[in-house]
Amino acid sequence: MTVSAKNTSHAGPTARESPPQAPQVSEPEGSVVLEGVTKKFGGATAVDNISLHVRPGEFLSLLGPSGCGKTTTLRMLAGFEEPTAGSIRISGQDVVGIPPHKRNVNTVFQAYALFPHMSVAENVAYGLRQKGTAKSEIRERVTESLDLVQMRSFADRKPTQLSGGQQQRIALARALINRPAVLLLDEPLGALDRQLREEMQIELKLLQSRLGITFIFVTHDQGEALSMSDRIAIMRSGRVEQLDDADSIYDNPASAYVAGFIGQQNFIPGTMTSSLTVMESRFGSIRAAAPHDDLGAGVDAQAAVRPEAVSVAAVSGDSTSTRENQIAGNVIGVSHQGETLQFLVSVGDDQTMLSRVPRPNAPRLAVGDSVLCTWDAASVHLFPSEQATQAQADIARALSHPAPPTSSMSL
Ligand code: ATP
């Protein structure tokens, strides 16, 4: 995202300054509440009736494919967009209609938007200078802020003399100088290479835990969201599909979309039996640990099983499976993925199963081997067939149109 330096310098009032006057309800400092928030651009709905309660000091990620409404949600929190409907409260204050610089939030963007002609220290000090803060206080707070991101020794350098990761640290220091109650981060690591990104993820999380500031982090990278967040809001077409911690999202996806969007899934089609936890497929019975509310006997369904839940074992000759949660097939691909080995198994004319096994425990298998794929009922989730088919199509579309490395949107 390109952004004018003017906009990134918005520094909300802090404990050192008096807050703007606006309707106040009794909610703690750092809480963010969206209720029934919708944003339309002309006839198009970018954000569709979202309700979210972000806890004070929480690291919450908005995760979803390009165009699902993450940035628009963040921009409404920052004050760069106003909702078409609904209410937004930050620290109990109704902020709808309040301009960005009067909200106790700050934003870090993917593009660092540092002033190239100013030193690092001058960049970090910019917001305070604009406010006419005393020079001695500015000096003290710039040092404090640079210390937070371990960049004090770079204070006199120009941004062009810094790496991408260092520039992003300076953008963070600038955003944190006023210690906002809430920091909004819009794909802030998107422009960094993979290794630096992973290092910065750890640093960001540590910084957030240390400061206790609420972080709302926009990303389309699930690894990033899973590794840093206390909770993740999975967004799809302007709505929140599930809001939960990483374990719950991974192990108990609320929909076929969440199941397929986070990690990978083997989807197996079939028809529900009267037992409601057993689906009959052309490969045999698939049993889940729990039924799905919308799946009655005779209804078309799909069972989702993660590759890491599927074991593969060699069998002699062509085998047909007779037990539940078991499919026979032939290995058609073996790939090394660092710590895991991935097996692609053909189980029918147009169906494959993916299995991922930690390397120390992985069986020695080669392409052409006959195998049995097996898994536990606890790792099976059942979804209505139509929902699962639509989800898979949406996910395939999202993956074929990944988010651009930088957004062309200007503030
Ligand atoms: P990305 O990851 O690509 O940044 P996103 O999930 O952040 O995507 P948004 O930028 O919030 O998505 O966009 C949501 C929808 O709203 C998209 O269809 C987008 O084209 C549309 N949109 C966003 N801003 C505007 C605008 N100013 N005018 C018209 N449509 C807009």
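Keep in mind the model is a prediction, meaning the values are calculated, not measured. (Residues numbered from 1 in each chain as written. Predicted model: local features only at pLDDT ≥ 70, side-chain atom pairs only at ≥ 80, totals over all residues.)

## Focus: the overall build of the protein chain
In terms of helices and strands, the protein chain carries 10 helices and 20 strands. Looking at the protein chain as a whole, 41% of its 411 residues qualify as buried. For the protein chain, long-range pairs separated by at least 24 residues make up 70% of all intrachain contacts whose partners lie at least 6 apart in sequence. (Helix = DSSP H or I, 4+ residues; strand = E, 2+ residues; numbered from the N terminus. Buried ≥ 20, exposed ≤ 12 C-beta atoms within 10 Å, placed from the backbone. Contact = placed C-beta atoms within 7 Å.)

## Some points on the site of the ligand
Close contacts around the ligand come from 14 residues, with Phe41, Ala46, Ser66, Thr71 and Thr72 the closest. For the shell around the ligand, the secondary structure elements donating two or more residues are strand S2 (44–54) and helix H2 (70–78). Examining the composition of the shell around the ligand, we find that 3 residues originate from one element, H2, more than from any other. Among the residues forming the shell around the ligand, the class breakdown is 5 nonpolar, 8 polar and 1 charged. (Near = placed C-beta within 6 Å. Nonpolar A, V, L, I, M, F, W, Y, C, P; charged D, E, K, R; others polar.)

## What about H2?
The element H2 is extensively covered by neighbouring structure, given that 9 of its 9 residues are classed as buried. When we look at burial in H2, the residues that qualify are Lys70, Thr71, Thr72, Thr73, Leu74, Arg75, Met76, Leu77 and Ala78. Directly after H2, the chain includes glycine 79, whose backbone phi takes a positive value near 100°.

## So, the sheet that holds strand S16 (residues 326–337)
Reading across the sheet, the 5 strands line up as S15-S19-S16-S17-S18 and stay open at both edges, with antiparallel pairing between neighbours. The sheet is open, and its two borders are formed by strand S15 (311–314) and strand S18 (351–358), each paired with just one other strand. Within this sheet the neighbouring strands show an average axis-to-axis angle of 40°, counted without direction. Note: S15 against strand S19 (residues 370–374), 4 bridges, orientation antiparallel. Following the sheet pairing, valine 312 is matched in S19 by cysteine 373. (Pairing = 2+ DSSP bridges. Axes fitted to C-alpha atoms, helices over the stretch in contact; angles between N-to-C directions.)

## Considerations on the sheet that holds strand S12 (residues 278–281)
Strand order in the open sheet formed by 5 strands is S13-S12-S11-S14-S20, and the pairing between neighbours is antiparallel. Since the sheet does not close on itself, it has two edges, and those belong to strand S13 (284–287) and strand S20 (380–384), each with one partner. For this sheet, the mean angle separating the axes of adjacent strands, direction not counted, is 45°. Pairing analysis gives 6 bridges linking strand S11 (residues 266–272) to strand S14 (residues 300–305), with the strands arranged antiparallel.

## Examining unusual backbone geometry
Residue arginine 179 is not a glycine yet carries a positive backbone phi of 45°. Within the secondary structure, arginine 179 sits in the loop between helix H5 (164–176) and strand S7 (182–186). Exposure remark for arginine 179: the 20 C-beta atoms within 10 Å place this residue in the buried category. The backbone of glutamate 187 shows a phi angle near 45°, a positive value even though the residue is not glycine. As for its placement among the helices and strands, glutamate 187 is situated in the loop between S7 and helix H6 (194–211). On the basis of neighbour count, glutamate 187 is assigned to the buried category, with 24 C-beta atoms found within 10 Å.

## Here we look at the environment of valine 310
By secondary structure assignment, the location of valine 310 is in the loop between S14 and S15. C-alpha separation for the pair valine 310 and serine 379, spaced 69 residues apart in sequence, amounts to 8.9 Å. When neighbours within four sequence positions are excluded, valine 310 is seen to be in contact with Asn266, Val305, Met353, Ser355, Cys373 and Trp375.

## Notes on the packing of helix H3 (residues 120–130) against H5
In the contact formed by H3 and H5, the axes pass within 8 Å of each other and the chain directions differ by 30°. The orientation of H3 with respect to H5, classified from their angle, is roughly parallel. Considering the relative orientation of H3 and H5, their crossing is right-handed. Every residue of H5 that contacts H3 at Val120, Asn123, Val124, Tyr126 and Gly127 is listed here: Ile170, Ala173 and Arg174. (Parallel < 35°, antiparallel > 145°, perpendicular 65-115°, else oblique. Left-handed = near helix turned anticlockwise from the far one by under 90°.)

## Section: the environment of alanine 328
As for its placement among the helices and strands, alanine 328 is situated in strand S16. The exposure class assigned to alanine 328 is partly exposed, which follows from the 19 C-beta atoms found within 10 Å. Between the C-alpha atoms of alanine 328 and leucine 372, which are 44 residues apart in sequence, the distance is 4.4 Å.

## Looking at the confidence of the model for the protein chain
With 90% of its residues at a pLDDT of 70 or more, the protein chain shows a mean pLDDT of 88. Here residues 1–19 is a poorly scored stretch, pLDDT under 50, and it has 45 contacts once near neighbours within four places are set aside; other chains count. Under a pLDDT of 50 for its full length, residues 404–411 has, in the predicted model, 16 contacts with residues more than four places off or in other chains. (pLDDT = per-residue confidence, 0-100.)

## A word on the nonpolar core
Ranked by internal contacts, the top residues of the largest apolar core, which has 101 residues, are Ile216 and Ala303. Counting residues domain by domain, this core receives three or more from each of domain 1 (5–251) and domain 2 (263–400). Aside from chain neighbours lying at most four places away, what touches isoleucine 216 is Val32, Val54, Leu60, Leu62, Leu74, Leu77, Val182 and Leu184. (Core = buried A, V, L, I, M, F, W, Y, C linked by C-beta atoms within 7 Å. Domains from an automatic or database assignment.)

## Details of the pairing of S14
Counting buried residues along S14, 5 of its 6 residues qualify, which places the element largely inside the surrounding structure. Relative to S20, S14 is paired through 5 bridges, and the arrangement is antiparallel. The residue of S20 that forms the bridge with glutamine 302 is phenylalanine 383.

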